[in-house]
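Working through the structure, step by step
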Amino acid sequence: MVDSQSTPARQRPSIVSISSYLLFLFLALQVISLIITLSTFGKTRDALRAAYADSATDGDQVADVFAVVGIGGSIVLLLLAVVLGVLALFNNQGRNGARITTWIVGGIMVCCVGGGLLSNAAGGFNTGGGTTGDGPSPEEIQRRLEEALPSWVTPVSLLLGVLSLIALIAALVLLALPKANPFFRKPTAGWEPPSPGASYPGNPQAPGQPGYPQAPAEPGYPSSGEPSYPPPPAANRPDDTPPTDRPGSNPPPTS
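Let me begin by describing the structure that accompanies this report. In this text the structure is predicted, and so the values were computed from the model without any measurement.

Conventions used here
Residues numbered from 1 in each chain as written. Predicted model: local features only at pLDDT ≥ 70, side-chain atom pairs only at ≥ 80, totals over all residues. Heavy atoms only, no water. Axes fitted to C-alpha atoms, helices over the stretch in contact; angles between N-to-C directions. Helix = DSSP H or I, 4+ residues; strand = E, 2+ residues; numbered from the N terminus. Parallel < 35°, antiparallel > 145°, perpendicular 65-115°, else oblique. Left-handed = near helix turned anticlockwise from the far one by under 90°. Contact = heavy atoms within 4.5 Å. Nonpolar A, V, L, I, M, F, W, Y, C, P; charged D, E, K, R; others polar. Core = buried A, V, L, I, M, F, W, Y, C linked by side-chain atoms within 4.5 Å. Buried < 20%, exposed > 50% of the residue type's maximum accessible area, 1.4 Å probe, protein only. Patch = residues over 30% accessible without salt bridge, like charges linked within 9 Å, V, L, I, M, F, W, Y side chains within 5 Å. Areas by Shrake-Rupley, 256 points an atom, 1.4 Å probe, with all protein chains shown as cover. Salt bridge = Lys/Arg side-chain N within 4 Å of Asp/Glu carboxyl O.

Here we come to the packing of helix H2 (residues 41–51) against helix H6 (residues 138–148). Viewed as axis vectors pointing N to C, H2 and H6 meet at an angle of 140°, and their least axial separation amounts to 9 Å. Viewed along their axes, H2 and H6 adopt a mutual orientation that is oblique. Handedness of the crossing formed by H2 with H6: right-handed. Counted together, Lys43, Thr44, Ala47, Leu48, Ala50 and Ala51 of H2 and Ile141, Arg144, Leu145 and Ala148 of H6 form the full contact between these two elements. Partitioned by chemical class, the residues of the contact of H2 with H6 number 7 nonpolar, 1 polar and 2 charged.

In structure tokens, the structure reads:
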């Protein structure tokens, strides 16, 4: 089996990284939206109280309800955006379960953000007072809100909602592209033949039988004995007298 240290790491596709960046952008946009909502909380309540001042409906109660709904909705969206940011970190690691959860939570967020944009485009606050005659019309409420709030609040809120929706939809689409599927697929274990001379794991080489190279032959060294000398001449013995029958062996007689 291939060693985990020798297995190359999976290369994360660029579309997965871009999807995570878009989810982080969505989280940042929700933080900005919540800050705007909290900063205009007091002026929104004052505008609603003034709108319901001449009606039988309790203006303070209506203002509190709208404040709770507005701030509570922004907090819920922010918490879900935090969940998406955490899922983006797991998506970068190739967790397929995180990708599936991102689609589920992201789909809920698309409905929430899209519904909020449609509500703002339809006129914002609507309490039904225009139909019962017991309160101000939605147009009157919207007019008082526009007078109480800074002029940049409404366009900036719409811009943040549109950017949030686009970033979220793009992130979900990028995760669903076929190019991202291999990164989220669980890697299969493979087999790799051992290198020459290596032993198989679990079958160590038997002790006492190592494969050692043959020892080199000992070099020849010169003998350390004394140098040899020629043997001494043999001494003349009586039996070593040359025979007389050999020609020229006897000296010539003297006269």
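From this point, the narrative continues.
Among the nonpolar cores identified, the biggest contains 25 residues, and Val16, Leu23, Phe26, Leu84, Met109, Leu168 and Phe184 are the most heavily contacted of them. Breaking this core down by element, the ones donating at least two residues are helix H1 (14–39), helix H3 (59–91), helix H4 (96–121), helix H7 (153–176) and helix H8 (181–184). Sort the elements by how many residues they give to this core and H7 lands first, with 7 residues. Every residue in contact with Met109, bar those within four places of it in the chain, is listed here: Phe26, Leu77, Leu80, Ala81, Leu84 and Leu168. With 9 residues, the next largest nonpolar core counts Ala51, Tyr52, Val62 and Ile141 among its residues.

All right, on to the packing of H1 against H7 then. Their axes nearest at 8 Å, the elements H1 and H7 cross at an angle of 155°. Relative to H7, the element H1 lies roughly antiparallel. As H1 runs across H7, the sense of the crossing is left-handed. Where H1 abuts H7, its residues Ile15, Ile18, Ser19, Leu22, Leu23, Leu25, Phe26, Leu29, Gln30, Ile32, Ser33 and Ile36 lie against Val153, Val156, Ser157, Leu160, Leu163, Ser164, Ala167, Leu168, Ala170, Ala171, Leu174 and Leu175. Class assignment of the residues belonging to the contact of H1 with H7 gives a composition of 19 nonpolar, 5 polar and no charged.

Here the focus is a nonpolar patch on the surface. Taken together, the side chains of Ile100, Trp103, Ile104 and Ile108 make up a nonpolar region of the molecular surface, amounting to roughly 360 Å² of accessible area. Judged by its relative accessible area of 53%, Ile104 falls in the exposed class.

With that settled, the discussion passes to the environment of Asp60. By secondary structure assignment, the location of Asp60 is in helix H3. Looking at Asp60, the relative accessible area reads 38%, which means it is partly exposed. Separated by 10 residues in sequence, Asp60 and Ala50 have C-alpha atoms that sit 9.5 Å apart.

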